[in-house]
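# Examining the three-dimensional arrangement
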Amino acid sequence: MKALDRKFFRDLRLLWSQALTIALVVASGIGGFLAMLSAVDSLASARDAFYVQGRFGDVFAAVRRAPDSLAPRLAELPGVIDVQTTVESMARVSVPGSVDPVMGQLIGLDPHVPPRLNRVLLRSGRWAEGGTRSGELETVVTESFAQAHQLAPGAAVSALVNGKRRTLRITGTALSPEYIFGGMMGAPDLRSFGVFWLDRNELAAALDMAGAFTRVTLKLAPQASHGAVIDAVTRQLAPLGGSPAHGRDEQASHAMLDNEIKEQRVLGTVLPAIFLAVAGFLLHVVTARLVATQREQVAALKALGYANRSIALHYLKLVAPMVGGGYLLGLALGHWLGEGLTRLYADFFHFPSFEHRIPLSLAAAALAIVSLTAVLGTLTAIAATVRLSPAEAMQPPAPGRYHRAWLERLPGIHPTPALRMILRNVERKPLRAAVTTGGIAAAVAIVIMGNFFRDAMDAIIHTQFNLAMRGDLIVWANDQVDESAARELARLPGVLQVEAGYRVAVRFSNGSRSENSLVDGLSASPQLQRVVDVDRQVAAAGTHGVLMTDRLADKLGLRPGDTVTMQVREGRRQTRQVVVERTVRDMMGLNSFMERDALLELLGEGHVANNFSLRVAQGALPQVLESTRDLPRIAGAFSKSTLLRNMQEVSGRNILIMSSILTVFAIVIAVGVVYNNARIALAERTWELASLRVLGFTRAEVSLLLLGELALGIAVALPLGMLLGWGLTHTIVELMRSDQFLFPVEIQPRTYAWAALAVVAAGVVSALVVRRRIDRLDMVAALKTRE
């Protein structure tokens, strides 16, 4: 065995505890990188495979009623390779044993001709068939809805179809690429929303839609112009009461899935980068301190003829087990965490096959990143020493030059001797102190980042469900209704207050920029449905113009006072010029708001409404929901309490898991930074500490000199880390910003306190381990040092 090899094994045995902490930090970075990005890659792969398998459409449009003869004309549009029409309708569904409001999307399919687009994959049971003698309608339901309500083939639910109560007999469960994500108002609500596929002829007869369709899906050629096809389809359907066609970007399920992939790619890039940066710093510090303590050995090796390259390779070999072990542990950790994230995704998104895998390219990228980090951290640490000549390296390093610390120079400040020694040592090596403080601050920031999502969810729930949505029940009509509907709802037993609203789909245009949006017409002095911004301030709806969300105004290039073209996308499709009165930082979507009377006057409509907010007496919600089912003009309803409960069941658990994982990772960083710095400081100052012990200093006093420096670093790192966490949170929220959603940046005091407690606890444990080594210090061996 060569001399360098023997030295390698000896050094590795002496550094095993430091090597372990470095490996754990590397594993955390690699594990987080692989887990997040592999889970997102698995999600995207499952989506793409299901889209291909199910021939997911490219363009979608809804229409009130269009003849089947229109489909061939749509198929002749340039770039269109296939067209599929369906009969669809939203219906209120009653599930036995449940009082919660449920909405169902009824879709008519031909049981004898499989759909060419948006294919439905049967998961259990059989396809629904027509012609049942009992008057029941057979149906296949989404698998997630059936599981949430424990509905097996043979079970029955009822639905209000075209004003008539019909029994739906479940014959099977299925999945569709069109409804990978299902829920109401963008929330993952498996219990309150389901899709029901029925015999097309029977559903068309029930809806009086024989020979007609209400929805069309188009598949385009690869080189087709999506914009041109969308405009052509919109023009064809406009005279028939059709809504403007749209692409996948506005299809609800695809938009939610695409947004999730974007958000997780941001987290999977930013957070692991912090871990790997800290790992690189630790490798640099450990190697630099090791080389500094082995100056004489390096000089002897160079005197014996070893080249700089051989010495550098020796220290790279020393780092290799730390990095290699961390990488292998990170692979295992990434696979385990990735599988866990995939299972969490499965609560939101539903595929026929959804398996976690780590692509070889991702594993190779992780290896390349960590190898580059290790090489840079090691070479920069040993560069100065290996360049020294043997004679120069044989000499001990020049003694440090101490001077009065800045705190000592302040008038009226008289630090104790121990504090004076700590401050002077910190000032003598400011870079080391700064990097140590930065590593601990990074740990604090990661804990804050991990727990921020819990705070953000609490803020969203409080803002949207307590401040903005103050009613207990929202009901809506398929068409606009007169004000008598509000009086009818107010007469229901248990209803205390009714507030009417009018919502209309529009398209805003400003020069070459245009965006689809909704305009909510609210009461002049709203009590049950208000606009509340991210700062929890109530914003008044526009009286003569629109109150527009800031994101929509930015996309359109508008500022308050500007005029914008508003084209209504339904009904008579009026075009109006409106003024942007103000902007508001709203959390949800690209929306605008006006007072209802002003909006109706602008559109030339009478005193009509199409949605209502209801405040209900305590305990009367089930009775009111049952009463609204008998009102023919009411198309649907959802309960605020039900939506909130179902959302918290899924989101609350997932946020808790994510914050726990990030907290553990942050503790690993804190332990790695504090422990390694303490061990290296002990190695550097062993002679000094032993001398102090001989001079009569107690073990506690000697420990204070070493660990006090670390305590000072932690004390400085805590406020710095809190500030860094605040900035990191803002950065990630900005990177995750989307049209659908805006996270409020709100960090509760409990989150700052938890971050400080976790990092301090990690520092205390590390300090106690080092304190044991100080107590066992061999003074005789330590003082046998060449002057």
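Just above sits the structure.
Here's a quick rundown of the structure.

For the rest of this paragraph, the subject is the overall build of the protein chain. Within the protein chain, the regular secondary structure consists of 22 helices and 21 strands. With respect to the three principal axes, the spread of C-alpha positions in the protein chain is 100 × 60 × 55 Å. Here the protein chain holds 787 residues, and the buried ones make up 54% of them. Carbon together with sulfur atoms contributes 58% to the accessible area of the protein chain, which is approximately 34,300 Å² in total.

Before going further, it helps to examine the pattern of salt bridges. Considering all chains together, one arrives at 21 salt bridges under this definition. Where Glu138 meets Arg126, a salt bridge forms, and the shortest distance between an N and an O atom there is 2.8 Å. You can see Glu138 sitting in strand S5 (residues 137–142) and its partner Arg126 sitting in the loop between strand S4 (121–125) and S5, a full 12 residues away along the chain. Ionic pairing is found between Arg585 and Asp550, a salt bridge with its closest N-O pair at 3.7 Å. A residue pair is termed long-range when its members are at least 10 positions apart, and Arg585 in the loop between strand S18 (575–584) and strand S19 (591–595) and Asp550 in helix H15 (residues 550–556) qualify at 35 residues. We classify Arg585 as partly exposed; its relative accessible area is 41%. It is possible to trace a salt-bridge network through shared partners that takes in Arg47, Asp48 and Asp258.

Let us now look at the environment of Gln53. Looking at where Gln53 falls in the secondary structure, it is placed in helix H2 (residues 16–54). You can call Gln53 partly exposed: its relative accessible area is 42%. Taking the C-alpha atoms as reference points, Gln53 and Ala39, separated by 14 residues in sequence, lie 21 Å from one another.

This next bit is on the packing of helix H1 (residues 3–14) against helix H9 (residues 308–345). Running from N to C, H1 and H9 point in directions that differ by 35°, and their axes come no closer than 10 Å. In the packing of H1 onto H9, the handedness of the crossing is right-handed. Contacts from Leu4, Asp5, Lys7, Phe8, Asp11 and Leu12 in H1 reach Ser310, His314, Tyr315, Lys317, Leu318 and Pro321 in H9. Classifying every residue of the contact of H1 with H9 gives 6 nonpolar, 2 polar and 4 charged.

This paragraph deals with the pairing of strand S2 (residues 80–94). The buried fraction of S2 is high, at 13 of 15 residues. In terms of strand pairing, S2 meets strand S9 (residues 212–220) through 6 bridges, oriented antiparallel. Bridging across to S9, Asp82 finds its partner in Lys219. By the bridge criterion, 7 bridges tie S2 to strand S3 (residues 102–109) in an arrangement that is antiparallel. Looking across to S3, one finds that Ala91 is bridged to Gly104. Relative to strand S6 (residues 156–161), S2 is paired through 3 bridges, and the arrangement is antiparallel.

Attention now moves to helix H21 (residues 749–775). Taking 1.5 Å per residue as the helical rise, H21 with its 27 residues ought to reach 39 Å, and the 38 Å between its terminal C-alpha atoms agrees with that figure. Within the sequence span of H21, burial applies to Thr751, Ala755, Ala756, Ala758, Val759, Ala762, Gly763, Ser766, Ala767, Val770 and Ile774.

A few words on the environment of Ser38. Within the element layout of this structure, Ser38 appears in helix H2. Note on Ser38: relative accessible area 0%, which makes it buried. Distance in space between the C-alpha atoms of Ser38 and Gly338 is 6.4 Å, their sequence separation being 300 residues. Apart from the residues within four sequence positions on either side, Ser38 is in contact with Phe33, Gly338, His356, Arg357, Ile358, Pro359 and Leu362.

We now examine a nonpolar patch on the surface. Residues Trp16, Leu20, Leu24 and Leu329 make up a contiguous nonpolar surface patch of about 390 Å² in total accessible area. Structurally, the position occupied by Leu329 is in helix H9.

Below, the discussion takes up the nonpolar core. Among the nonpolar cores identified, the biggest contains 96 residues, and Phe349, Phe351 and Phe743 are the most heavily contacted of them. Within the residue set of this core, elements represented by two or more residues are H2, helix H7 (252–293), H9, helix H13 (430–468), helix H18 (640–684), helix H19 (686–694), helix H20 (699–735) and H21. Grouped together as the second largest cluster of nonpolar side chains are 28 residues, Leu4, Leu15, Ala19 and Val323 included.

Cut-offs and rules
Residues numbered from 1 in each chain as written. Predicted model: local features only at pLDDT ≥ 70, side-chain atom pairs only at ≥ 80, totals over all residues. Heavy atoms only, no water. Helix = DSSP H or I, 4+ residues; strand = E, 2+ residues; numbered from the N terminus. Buried < 20%, exposed > 50% of the residue type's maximum accessible area, 1.4 Å probe, protein only. Areas by Shrake-Rupley, 256 points an atom, 1.4 Å probe, with all protein chains shown as cover. Salt bridge = Lys/Arg side-chain N within 4 Å of Asp/Glu carboxyl O. Axes fitted to C-alpha atoms, helices over the stretch in contact; angles between N-to-C directions. Left-handed = near helix turned anticlockwise from the far one by under 90°. Contact = heavy atoms within 4.5 Å. Nonpolar A, V, L, I, M, F, W, Y, C, P; charged D, E, K, R; others polar. Pairing = 2+ DSSP bridges. Expected span 1.5 Å × (residues − 1). Patch = residues over 30% accessible without salt bridge, like charges linked within 9 Å, V, L, I, M, F, W, Y side chains within 5 Å. Core = buried A, V, L, I, M, F, W, Y, C linked by side-chain atoms within 4.5 Å.

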